[in-house]
Amino acid sequence: MAKIYFVVTSWSLEDAAVQNGREFSPAVKSREKALKMFQDLTQREKERLKEEQPSWLEWNESCITDTETLWEIWEDGSFDDNHIRIELVETDLQE
């Protein structure tokens, strides 16, 4: 069975008002292409946080997950508030 891959970005941010959202990348059949999309999105988000919220990037095992297919970060150990998650998803293509 063929596989397809896509990247999901989700967030819950508290600022003047709570913002929640989820974005899906286009689906691709190449794991390498999907991995590149994941890495590019993760790098862009890290760069944005360096400018806007540098305190989030201080290494703290309870607040950052960083693997080959999952990157997430949340402020002050509070998973529900100020949380960003980028994940590479693999699924079967149903004919």
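Relevant structure appears above.
The structure contained in this document is the topic of the report that follows. (Residues numbered from 1 in each chain as written. Predicted model: local features only at pLDDT ≥ 70, side-chain atom pairs only at ≥ 80, totals over all residues. Heavy atoms only, no water.)

A few points about the overall build of the protein
Then comes step 1: Within the protein one finds one helix and five strands.
Then comes step 2: Traced from its N-terminal end to its C-terminal end, the protein shows the element sequence β-β-α-β-β-β.
Then comes step 3: In the protein, which comprises 95 residues, the share counted as buried stands at 31%.
Then comes step 4: Excluding contacts between residues fewer than 6 apart, the proportion of contacts in the protein whose partners are at least 24 apart in sequence is 52%.
Then comes step 5: With an accessible surface of roughly 6300 Å², the protein has 47% of that area assigned to carbon and sulfur atoms. (Helix = DSSP H or I, 4+ residues; strand = E, 2+ residues; numbered from the N terminus. Buried < 20%, exposed > 50% of the residue type's maximum accessible area, 1.4 Å probe, protein only. Contact = heavy atoms within 4.5 Å. Areas by Shrake-Rupley, 256 points an atom, 1.4 Å probe, with all protein chains shown as cover.)

Remarks on the nonpolar core
Within soluble globular proteins, side chains that are nonpolar tend to cluster in buried spots.
Then comes step 1: By size, the foremost hydrophobic cluster in this structure holds 14 residues, and its most contacted members are Phe38, Leu49, Trp71, Ile73, Ile84 and Leu88.
Then comes step 2: Of all the elements in the fold, those that place two or more residues in this core are β1 (3-14), α1 (31-52), β4 (70-74) and β5 (83-92).
Then comes step 3: Residue contributions to this core peak at four residues, all from α1. (Core = buried A, V, L, I, M, F, W, Y, C linked by side-chain atoms within 4.5 Å.)

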